[in-house]
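Summary of the model geometry
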Amino acid sequence: MAKKDTKKPPLEIRNRKASRDFFVGETFEAGIVLTGTEIKSLRAGHAQINDAFIRVDRGEAIMYQSHISEYDFGNINNHTPTRPRKLLLHKKEILKLKSATDSGGTAIIPLKVYLKKSLAKVLIAICTGKKLYDKREDLKKNEAMREARRAMSNFNRR
């Protein structure tokens, strides 16, 4: 009898608001400095990055407002859920992020948090904010694509 595949699907926590509220520019992959209870809670999928943002302070990239819930079995060693978390990047990448935010009109936003070879990684991007009319244009474009797909599927059925 063959063994059943008991692998879990890979963990991926997405920031769904990012593509709606921002124009996504250049992306970077960064590691996150986490404590033991944070990584256990992250592996269980108890995290949220919808309101998170990144600042470069004193040559270090730090992620603020990301929420990793306390680990259920963490007792007194548990972490603070919304503490600032240091990101691990190369010096050239940090300088590129710093220069992009110093010019103004841009923000550094985390797009997703995932596990890669048992290490927690975060995909960050340099983003510019969308105006209301930009959001309306995206809605119109998505609706037109949906209508076209419906028409093609109805045409293929006949």
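Preceding this section is the structure that the text describes.
Read on for an overview of the structure. Just so you know, these numbers come straight off a predicted model, no measurement behind them. The residue numbers shown here count from 1 along each chain, following its written sequence. A pLDDT threshold of at least 70 governs which residues receive local features in this predicted model, and a stricter bar of 80 or more applies before side-chain atom pairs are shown or counted, although totals over entire chains, interfaces and linings include all residues. Note that the side-chain values use all heavy atoms of the structure and ignore hydrogens as well as water.

Re the overall build of the protein
We apply this condition: Strands are runs of DSSP state E lasting at least 2 residues, helices are runs of H or I lasting at least 4, and numbering of each runs from the N terminus. Each radius of gyration is computed over the set of C-alpha atoms, and the globule rule expresses the reference value as 2.2 Å times the number of residues to the power 0.38. Only protein chains enter the accessibility calculation, which uses a 1.4 Å probe. A residue is then buried if its area is under 20% of the maximum for its type, exposed if over 50%, and partly exposed in between. Working rule for contacts: check all heavy atoms of both residues, and any pair within 4.5 Å makes them a contact. Accessible areas in this description were obtained via Shrake-Rupley with a 1.4 Å probe; residue shielding takes into account the shown protein chains only. In this tally, Lys and Arg are treated as positive and Asp and Glu as negative; His is ignored, and so are the chain termini. A single reference atom marks each charge: NZ on Lys, CZ on Arg, CG on Asp, CD on Glu.
Each helix and strand counted, the protein has four helices and nine strands in total. For 158 residues, the compact-globule formula gives about 15 Å, and the C-alpha radius of gyration of the protein, at 20 Å, lies well above that figure. Seen through its C-alpha atoms, the protein measures out along the principal axes to roughly 65 × 60 × 25 Å. By residue count, 32% of the 158 residues in the protein fall in the buried class. Put simply, 67% of the contacts in the protein that link residues at least 6 apart link residues at least 24 apart. Summed over its atoms, the accessible surface of the protein is roughly 11300 Å², and 53% of this surface lies on carbon and sulfur atoms. Each charge class in the protein was averaged separately, 34 positive and 18 negative side chains, and the resulting centres sit 4 Å apart.

Details of helix H3 (residues 91-102)
Quick note on the threshold: Here the expected length of a helix is defined as 1.5 Å per residue gap, with one fewer gap than residues. What the arc describes is the spread of directions from the helix axis to the C-beta atoms.
An ideal rise of 1.5 Å per residue puts 16 Å on twelve residues; H3 measures up with 16 Å between its terminal C-alpha atoms. When we look at burial in H3, the residues that qualify are Ile94, Leu97 and Ala100. Buried residues of H3, viewed axially, fall in a sector of 130 degrees; they line one side. Residues Lys91, Lys92, Leu95 and Asp102 are exposed on H3 and point more than 90 degrees away from its buried face. On the buried face of H3, the contacting elements are strand E2 (22-32), strand E4 (53-57), strand E8 (106-116) and strand E9 (119-129). At the exit of H3 stands Gly104, carrying a positive phi of roughly 95 degrees.

Observations concerning the packing of aromatic side chains
For clarity, the threshold we go by: The aromatic pairing rule takes the rings of Phe, Tyr and Trp, using the six-membered ring of Trp, and pairs them if the centres are within 6.5 Å, calling planes under 30 degrees apart stacked, those over 60 edge-to-face and the rest tilted. Note on geometry: a ring has a charge over it if NZ (lysine) or CZ (arginine) is within 6 Å of the ring centre and within 35 degrees of the ring normal.
Enumeration over the complete set of coordinates arrives at two aromatic pairs. For the pair Phe53 and Tyr64, a centre-to-centre distance of 5.6 Å together with 25 degrees between the ring planes defines the contact as stacked. Taken together, the residues Phe53 in strand E4 and Tyr64 in strand E5 (residues 60-64) connect sequence positions eleven residues apart. Aromatic side chains Tyr71 and Phe73 sit 5.8 Å apart centroid to centroid with 75 degrees between the ring planes, which places their arrangement in the edge-to-face category. Look at Tyr71 and you get partly exposed, because its relative accessible area is 24%. If you follow Arg55 out to its NZ or CZ, it ends over the ring of Tyr64, 5.6 Å from the centre. Sitting over the face of the ring of Tyr114, Lys112 holds its NZ or CZ atom 5.4 Å from the ring centroid.

Quick look at the pairing of E5
One face of the sheet, then the other: side chains in a regular strand alternate in exactly this way. The line we're drawing: Pairs of strands are assigned from DSSP output, requiring at least two bridges between the strands.
A large share of E5 lies buried, amounting to four of its five residues. Two elements, E4 and E5, share five bridges in a ladder whose sense is antiparallel. Note on E5: the bridge partner recorded for Val56 is Ala61. By the bridge criterion, three bridges tie E5 to strand E7 (residues 85-88) in an arrangement that is antiparallel. Its bridge partner lying in E7, Met63 is registered against Arg85.

Some points on the side chain of Asn15
Counted only if it meets this: Counted as a polar contact is a pair of N or O atoms within 3.5 Å, where, for protein atoms, one must be capable of donating a hydrogen and the other of accepting one, and residues adjacent in sequence contribute only when both atoms are in side chains.
For Asn15, the position within the fold is in the loop between strand E1 (12-14) and helix H1 (17-21). The buried category is assigned to Asn15, whose relative accessible area is 8%. Among the polar contacts made by the side chain of Asn15, one reaches the main-chain carbonyl oxygen of Ile49 at a distance of 3.4 Å. Once you skip the residues sitting within four places of it in the chain, Asn15 turns out to touch Ile49, Asn50, Ile109, Pro110 and Leu111.

These figures capture arrangement, not role.
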